[in-house]
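Notes for the structure review
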Amino acid sequence: MKAFDALSLVPPHVQAFSPYYPSKPDPVLMELYGVSRLHRLNNNENALGPPPEVAALIEAISPGTVPVYPNGDCYDLRGVLADKYSMTAEQFLVGNGSCEVIGSVIKAFCTEGDNIITADKTFAVYEWVAEFSGIEAKLIPLRHSTFDPQAMLDAIDPKTKILFVCNPNNPTGTYWDSATMRDFLDQVNNRALVVIDEAYFEYVEETDFPDGMSLVENYSNVVVFRTFSKMYALAALRIGYLCASPELVDLIRRTHIVYSVNTLAQRAAAAALSNDGSFVTATREMVRAARARLCCLFDDLNLEYLANQGNYVMVRLPVSDTLMYRKLMTSGIMVRTMTGFRFPNWIRISLVQPPVMEEFCRIFAAVMTDFKARLGG
Ligand SMILES: Cc1ncc(COP(=O)(O)O)c(C=O)c1O
């Protein structure tokens, strides 16, 4: 029999794509680094955990729920979202994390020869999904750590289908204010779809920050992404959504997997939205305090850093980010190395409760002192 040559069946753009390897489970890492506990500061999770309404929901859920398929199109949750944002249920499409809806939008609009435009240093999944789907991703360099609107407009060509704007940007935390966003949308002038990824929307406290939901009302080419993974701390349940005009949602729905969002996630998301806002306020206070603490540390150590919006900051190291990662791991602290994200020797740190931030500061300062002594010596 002829040998099976799997590779020959794989399209060239998939052959050329390098897979992303997520970090190992915490118990495996703890054993590897010889620590008895691990503070996860690598994924911008909300360390406060979900709102209390979610804990109550999870405790009350019955095993009898499990044999039954979920709402295939998140019917109930879309109703809750519509009420919350004064939109209609037809304007929402819910996915297995907002990562899933990135794929649905690209599949709905792009075919071979098309391109998408985004930044070179942003959430990488827009670029990855485009590339493993055989679509060119035009990556526009950030300007002053911020998406560059003019350069993105200049890059539009007749094959451009989607522009992805991460607002605020992960990992730099920078954002376009309302005037910049509206000017950009006016200049795109309906030539392409504009996706505004607001994964960290609920963390932003600046008054000039544009609310994507109100842009959807005025611009028929705008799609807004939001997620329950960040502020609402439902990352393990995998649930996020997009909001756009009913016409756009109807097109995107065609390439979207139905039944991909489980019942627990749908109910937990609705419960999270029922919180009176005190949870968001408490989380913002925690993040503000943690950001101030880290700025102070990095100023003292004379290190360059980016501390803007979102529940994360980045710092540039005088040594390899991988080496710093390993050193911190031996003390039970996990951060995100950023060389792979085109920020050589930067790390990103999630902003969490004061005791953990204090522990991070103490350990980071000690590692830096050690490095300096070695470099100096
Ligand atoms: C900017 C941005 N968009 C989307 C996501 C994906 O979120 P989800 O967990 O909903 O797939 C993330 C997660 O890190 C993110 O940082």
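Along each chain, numbering runs from 1 in the same order as the chain's sequence is written. Totals for whole chains, interfaces and linings use every residue, but because this is a predicted model, local features are given only for residues with pLDDT of at least 70 and side-chain atom pairs only at 80 or more, for both listing and counting. Think of the side-chain values as coming from all heavy atoms in the structure, minus any hydrogens and water.

1. Regarding the overall build of the protein chain
To be explicit about the condition: Secondary structure elements follow DSSP: runs of H or I of four or more residues count as helices, runs of E of two or more count as strands, with numbering from the N terminus. Burial status follows relative accessibility: with a 1.4 Å probe on protein chains alone, a residue under 20% of its type maximum counts as buried, one over 50% as exposed, and anything between as partly exposed. Throughout, a residue-residue contact means that at least one pair of heavy atoms, one from each residue, lies within 4.5 Å. Accessible surface area values rest on a Shrake-Rupley calculation with a 1.4 Å probe, where residue burial reflects the displayed protein chains alone.
Summing up its helical and strand segments, the protein chain has 15 helices and 13 strands in all. Here the C-alpha coordinates of the protein chain stretch approximately 65 × 65 × 50 Å along the principal axes. Buried residues in the protein chain amount to 51% of all 377 residues. Long-range contacts, defined as pairs at least 24 residues apart, comprise 74% of the intrachain contacts of the protein chain with a sequence gap of at least 6. With the model as given, the accessible surface of the protein chain reaches about 17,400 Å², and the carbon-plus-sulfur share is 55%.

2. Comments concerning the site of the ligand
Where we set the bar: Each residue is tested against the molecule or strand, and it is near if at least one of its non-hydrogen atoms lies within 4 Å. Whenever a nitrogen or oxygen atom comes within 3.5 Å of another N or O atom, the pair is scored as a polar contact, on the condition that within protein one atom can donate a hydrogen and the other can accept it, and that pairs from neighbouring residues in sequence are kept only if both atoms are in side chains. Space inside and on the surface of the protein is sampled on a 1 Å grid over the protein atoms alone, with a cavity defined as a set of points where a 1.4 Å probe fits but cannot get out and a pocket as an open set with protein on both sides within 12 Å along at least 5 of 7 lines; lining residues have an atom within 4 Å of a point. Cavities and pockets are treated as containing a molecule whenever more than half of the molecule's atoms lie within 2 Å of their grid points. Three categories are distinguished: nonpolar for Ala, Val, Leu, Ile, Met, Phe, Trp, Tyr, Cys and Pro, charged for Asp, Glu, Lys and Arg, and polar for the others, with Gly belonging to the last.
By nearness alone, 13 residues border the ligand, and Ser98, Asp197, Thr227, Ser229 and Arg238 come closest of all. Between the ligand and the protein, one listed contact pairs an oxygen atom with a side-chain N or O atom of asparagine 170 at 2.8 Å. Between a nitrogen atom of the ligand and a side-chain N or O atom of aspartate 197, the distance comes to 2.6 Å. Most atoms of the ligand, that is more than half of them, are within 2 Å of grid points of the largest pocket. Split by residue class, the shell around the ligand holds five nonpolar, five polar and three charged.

3. Let's talk about unusual backbone geometry
That bond from asparagine 167 to proline 168 is cis: its omega, -5 degrees, falls within 30 degrees of zero. Inspection of the secondary structure assignment puts proline 168 in the loop between strand S5 (160-166) and helix H9 (178-188). Here the residue pair asparagine 170 and proline 171 is connected by a cis peptide bond, since its omega of 20 degrees sits within 30 degrees of zero. With phi around 60 degrees, alanine 233 is a residue other than glycine that occupies positive phi space. What makes alanine 233 buried here is its relative accessible area of 18%.

4. Structural notes on the nonpolar core
One broad rule of soluble globular proteins: the nonpolar side chains tend to lie buried together. Formally: Only buried Ala, Val, Leu, Ile, Met, Phe, Trp, Tyr and Cys residues count toward a nonpolar core, and they belong to the same one when joined by side-chain atoms within 4.5 Å. Here the bounds of each domain stem from an automatic or database domain assignment.
Counting 123 residues, the largest nonpolar core has Phe184, Phe228, Phe298, Ile349, Phe360 and Phe364 as its most contacted members. It is helix H15 (residues 354-376) that provides the largest number of residues to this core, a total of nine residues. Both domain 1 (8-49 + 278-376) and domain 2 (52-273) contribute no fewer than three residues apiece to this core. Discounting residues that sit within four places of it in the chain, phenylalanine 228 has contacts with Leu77, Leu81, Ala233, Leu234, Ala235, Ile239, Gly240, Tyr241, Ala269 and Leu273.

5. Things to note about the domain arrangement of the protein chain
This is how the line gets drawn: In this description, buried area is defined as the sum, over both parts, of the accessible area (probe of 1.4 Å) that is lost when the two are combined. The working definition used for a salt bridge is a side-chain nitrogen of Lys or Arg within 4 Å of a carboxyl oxygen of Asp or Glu.
In terms of domain boundaries, the protein chain breaks down into domain 1 (8-49 + 278-376) and domain 2 (52-273). Summarising the inter-unit geometry, the C-alpha centres of domain 1 and domain 2 are found 25 Å apart. Opposite the 26 residues of domain 1 that make contact, domain 2 presents 30 residues. Both faces combined, the contact of domain 1 with domain 2 buries some 2,500 Å², and carbon together with sulfur accounts for 61% of it. The shortest N-O distance in the salt bridge between glutamate 205 and arginine 288 comes to 3.1 Å. Ranked by residue count, the leading element in the side of domain 1 that touches domain 2 is helix H13 (residues 278-300), at six residues.

6. A closer look at the pairing of S5
This is how the line gets drawn: Two strands pair if DSSP finds at least two bridges between them.
Counting buried residues in S5 gives six out of seven residues, a clear majority hidden from the surface. Judged from the three bridges that link them, strand S3 (residues 115-119) and S5 form a sheet pairing that is parallel. The partner of isoleucine 117 across the bridge, within S5, is leucine 163. Both S5 and strand S6 (residues 193-197) contribute to a ladder of five bridges, which runs parallel.

7. Description of a nonpolar patch on the surface
Quick reminder of the rule: The patches described consist of residues with a relative accessible area above 30% and no salt bridge, like charges being joined within 9 Å and nonpolar side chains (Val, Leu, Ile, Met, Phe, Trp, Tyr) within 5 Å.
A cluster of nonpolar side chains, contributed by Tyr69, Val258 and Tyr259, occupies part of the molecular surface with about 400 Å² of accessible area. Tracing the sequence through the fold places tyrosine 259 in the loop between helix H11 (246-253) and helix H12 (263-273).

8. Some points on empty space enclosed by the protein
A water-sized probe rolled over the atoms picks out the places where empty space is left. Selection criterion: Grid points are joined across faces, edges and corners, and a volume is the space filled by probe spheres set on the points.
Summed over the entire model, instances satisfying the criterion amount to one cavity of 30 Å³ or more. One number sums up the size of the largest cavity: a volume of about 30 Å³. Surrounding the largest cavity, Thr146, Phe147, Val165, Cys166, Asn167, Asn169, Thr174, Tyr175 and Trp176 form its lining. Considering only residue class, the lining of the largest cavity consists of five nonpolar, four polar and no charged.

9. With respect to the sheet that holds strand S4 (residues 136-140)
This is how it is decided: Axes here mean lines fitted to C-alpha atoms, for a helix over just the part in contact, with angles spanning 0 to 180 degrees between N-to-C directions.
Read from one edge to the other, the open sheet built from seven strands follows the order S2-S8-S7-S6-S5-S3-S4, with strand pairing classed as mixed. Looking along the sheet, the strands with just one partner apiece sit at the ends: strand S2 (92-95) and S4. Put simply, the sheet's adjacent strands are angled 20 degrees from each other on average, direction ignored. Note: S3 against S4, five bridges, orientation parallel. Bridging from a neighbouring strand, threonine 118 pairs with leucine 139 of S4. With respect to the sheet, helix H6 (residues 98-109) is in contact with S2, S5, S6, strand S7 (222-227) and strand S8 (240-243), its orientation differing from that of S5 by roughly 160 degrees.

10. Examining the packing of aromatic side chains
Aromatic rings in a pair are described by how distant their centres are and how their planes are angled relative to each other. What counts, and what does not: Only centres within 6.5 Å qualify two rings of Phe, Tyr or Trp (six-membered ring in Trp) as a pair; their planes then separate them into stacked at under 30 degrees, edge-to-face at over 60, and tilted for everything else. Either the NZ atom of lysine or the CZ atom of arginine qualifies as a charge over a ring when it sits within 6 Å of the ring centre and within 35 degrees of the ring normal.
Counted according to the given criterion, the structure contains 20 aromatic pairs. Ring centres of phenylalanine 298 and phenylalanine 364 lie 5.6 Å apart, and the angle between their planes is 70 degrees; on these two criteria the pair is classed as edge-to-face. Here the residue phenylalanine 298 occupies a position in helix H13, and phenylalanine 364 occupies one in helix H15, the gap between them amounting to 66 residues. With a relative accessible area of 1%, phenylalanine 298 lands in the buried category. Take phenylalanine 364: its relative accessible area is 0%, and that puts it in the buried class. Ring plane angle 25 degrees and centroid distance 5.3 Å describe the contact between phenylalanine 360 and phenylalanine 364, whose orientation is recorded as stacked. Taken together, the residues phenylalanine 360 and phenylalanine 364, both in helix H15 and four residues apart, mark about one turn of the helix. Like phenylalanine 360, the residue phenylalanine 364 is buried in the burial classification. Sitting over the face of the ring of phenylalanine 201, arginine 226 holds its NZ or CZ atom 3.7 Å from the ring centroid.

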